[in-house]
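Coordinate analysis (summary)
Listed below are the residues making up each chain.
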Amino acid sequence: MKKTQVLITIFILILIIFPVFVTSHYFLSTLVFIAINSIAALGLFLLTGLAGQISLGQSAFFGIGAYVYAILTTKFNFPSLLTLLLLSPLGAGIMAAITGIPVLRFHGHILAVATLGLALVMYTIFVGMVSVTGGHAGISSIPHLSIGKVELNTDVHYYYLSWGLILLLLLISQNIIRSRVGRAAQSIHHILGGSEEAAMMLGINPMIYKLQMYILSAMYAGLAGGVYASYVTFVNPSPFNVLVSLMILVIIIVGGIGSMWGAVIGSVAVFLFRELMRFAIPIAFPTVGGEFEIIGWGILLIGMLLLAPGGLIQLPQHLYQKLSRKSRYK
Amino acid sequence: MEPFLKIDSVSKDFGGLRAVDRVSFDIERGSITSIIGPNGAGKTTIFNLITGLLRPSEGNIYFKNQKLNRLPTYRIVSMGISRTFQNLRLFTNLKVVENILVGRHLQGRANLLSIILRVPWVKIEERQNFEEAIKLINLFTLEGVAFSLTSSLPFGYQKRVAIARALATKPELLLLDEPAGGLTSQEIEEIKQVLIRVRESGVTIILVEHRMELVMDVSEKIIVLHHGRKLAEGTPKQIQEDQRVIDVYLGQI
């Protein structure tokens, strides 16, 4: 317990002082995008890591959050802070509540495919409902977030905002994990060792906790979308395509599905991996396009599952166990 | 007065196979009853029917005068019925104390909003929950492993966790599916003491069990099932002397 507290303190201190030493636009904006992915991934951790339900629909909620912020602030002059913190998550949460009851009846891959369907439908709506979303041209001149009279218009502002939100959401997630609701969610996680039948035999209605975690994961993704729209000040459908759902799932698997910290670690790792692919693929296969990335995702996912099934967060422990087992045989 | 639990001519078909065939029996409040019979006689199916994991094809089940047939499992549990599984189904991703805390789910009120907002009463409830869970852990002498993952425990410990978790729901009727299966004679003796203590606290118990040293010692009534039908019902002495029971079941041992 002591050791993790020290690690968390170091993590927070590094976060705070980082922009003092690093002022490059590239690094800071990269960290903002990593933070936005982390927020969405943290939500999916609550659904998939805690309750064991797979969603490939997070890009839909991410997009809803972004479009809610874009539309309400540009067309209706809504206050940006209220929209970002409340209405973007709420919009995504309402969509999750409506789709959750039919979709969460399914288990395993069928649930994954059903949520994938939601992501496809929402993407089509973002592209096709031109009068509301602007279609492929999107919505531009979205105002930055303003807190009181202060407009957040620099990378440093957004760096502190997004990582501050992550710390807050980590704290909330921690409270949920160690609560009545969090334990009920974990008790139905059939992959990690829960059992819906055993949970029902203790008076738990699994549907309620699946639905709550689904809505909460959508609200996290909606918040991430709101931060995205207010930071970039422009939205069009392409950042909310189905591959983004896959990426968020890959993030929590690579980071470690059993821990909320896996969402943050996974976001950093997946970002680095993607940069590596962008650099390496054109050198290795000069004639192919960006679609080749998906093969890289597949290799990353399979490699992680083989080498470190618990994700990066358990990698040190996993390697230590492997090494000590080997030395015992000598 | 109506019986505490009434199984009224209940049948269960799986496709063409009749697993339970017009079985009827009553259970009195505060009693220990055992259901015995050869493998495939329909014992566990009866438990699944009572707890709503399966629906009867025919017949009715009444608990405290209320019909259970169509209620979902978690509703039946909230009325005061709890059970263990033959294969335990502990939450292996959780620690022993957390398994028992999940069992206390119905005693809690904390919801997602109050947990996110860190409302003070949630913390108080959590502390009370924890204290109650520790009481159960002490009752089942699990102190040494309270913070271990259940997957790392020896089988005898896991069985005790399963019973403690079922009791955490504060049931009036506890169904135990082979609590002595796979245990040593000494461990069976411990389970026997646990059952007697649980019954003294006012909980009615039904056992499905193969180990006769446990069944004959603790039961007031024994029900014998064979090929889904009720073959005999009576006191341990009556059952031991029943020629049909000896022929199909006891004689084989």
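Residue-level contacts link 24 residues of chain A with 30 residues of chain B. When its residues are assigned to classes, the side of chain A that touches chain B shows ten nonpolar, eleven polar and three charged.

Another point: the domain arrangement of chain B. All names here are of chain B. Assigned domains within chain B: domain 1 (1-80 + 171-253) and domain 2 (90-170). Taken together, the contact pairs eleven residues of domain 1 with ten residues of domain 2. If you list the elements that add at least two residues to the side of domain 1 that touches domain 2, you get helix H2 (73-78), strand E7 (173-177) and helix H7 (185-200). At three residues, H7 tops the list of elements feeding residues into the side of domain 1 that touches domain 2. Across the side of domain 1 that touches domain 2, the residue classes break down as eight nonpolar, two polar and one charged.

Here the focus is the packing of helix H2 (residues 25-50) of chain A against helix H11 (residues 242-255) of chain A. Residue and element names in this part refer to chain A. Look at H2 against H11: their axes get within 9 Å of each other, and the N-to-C directions meet at 70°. As judged from the angle between their axes, H2 and H11 are roughly perpendicular. Packed against H2, whose contacting residues are Asn 37, Ala 40, Ala 41, Leu 44, Phe 45, Thr 48 and Gly 49, the element H11 presents Ile 248, Leu 249, Ile 251 and Ile 252 at the interface. Looking at side-chain class alone, the contact of H2 with H11 contains eight nonpolar, three polar and no charged residues.

Let us now look at helix H1 (residues 43-50) of chain B. Residue and element names in this part refer to chain B. Of all eight residues in H1, eight are buried; the element is thus mostly enclosed. Among the residues of H1, those classed as buried are Lys 43, Thr 44, Thr 45, Ile 46, Phe 47, Asn 48, Leu 49 and Ile 50. Downstream of H1 by one or two residues, Gly 52 has phi in the positive range, about 80°.

Moving on, we get to the nonpolar core. Judged by nonpolar contacts, the single largest core of 167 residues is most densely connected at Ile39(A), Tyr220(A), Ala224(A) and Ala164(B). Among the elements that take part in this core, helix H10 (residues 206-232) of chain A stands out by supplying 16 residues, more than any other. Taken domain by domain, this core gets at least three of its residues from each of domain 1 (1-80 + 171-253) and domain 2 (90-170) of chain B. In contact with Ala224(A), other than residues within four places in its own chain, are Ile36(A), Ile39(A), Ala40(A), Phe62(A) and Gly65(A).

Looking now at the pairing of E7(B). Residue and element names in this part refer to chain B. Burial of E7 is extensive: five of the five residues sit out of reach of the surface. Of the two faces of E7, the one lined by Leu 173, Leu 175 and Asp 177 and the one lined by Leu 174 and Leu 176 are each fully buried. Where strand E6 (residues 81-83) meets E7, three bridges bridge the pair, whose relative direction is parallel. Bridge pairing links Arg 83 to Leu 175 in E7. The pairing of E7 with strand E8 (residues 204-208) spans five bridges and is classified as parallel.

Below, the discussion takes up the packing of helix H3 (residues 58-75) of chain A against H11(A). Residues and elements named next belong to chain A. Packing of H3 against H11 leaves a shortest axis separation of 7 Å and a crossing angle of 110°. Judged by the inter-axis angle, H3 sits roughly perpendicular to H11. The handedness of the crossing between H3 and H11 comes out as right-handed. Between H3 and H11, the residues in contact are Gln 58, Ser 59 and Phe 62 and Val 242, Val 244, Ser 245 and Ile 248, respectively. Taken together, the residues that form the contact of H3 with H11 break down as four nonpolar, three polar and no charged.

Tracing the backbone shows Thr184(B) in the loop between E7 and H7. Sequence separation between Thr184(B) and Val208(B) is 24 residues, and the spatial gap between their C-alpha atoms is 18 Å.

What counts and what doesn't
Residues numbered from 1 in each chain as written. Chains lettered and ligands numbered in written order. Predicted model: local features only at pLDDT ≥ 70, side-chain atom pairs only at ≥ 80, totals over all residues. Contact = placed C-beta atoms within 7 Å. Nonpolar A, V, L, I, M, F, W, Y, C, P; charged D, E, K, R; others polar. Domains from an automatic or database assignment. Helix = DSSP H or I, 4+ residues; strand = E, 2+ residues; numbered from the N terminus. Axes fitted to C-alpha atoms, helices over the stretch in contact; angles between N-to-C directions. Parallel < 35°, antiparallel > 145°, perpendicular 65-115°, else oblique. Buried ≥ 20, exposed ≤ 12 C-beta atoms within 10 Å, placed from the backbone. Core = buried A, V, L, I, M, F, W, Y, C linked by C-beta atoms within 7 Å. Pairing = 2+ DSSP bridges. Left-handed = near helix turned anticlockwise from the far one by under 90°.

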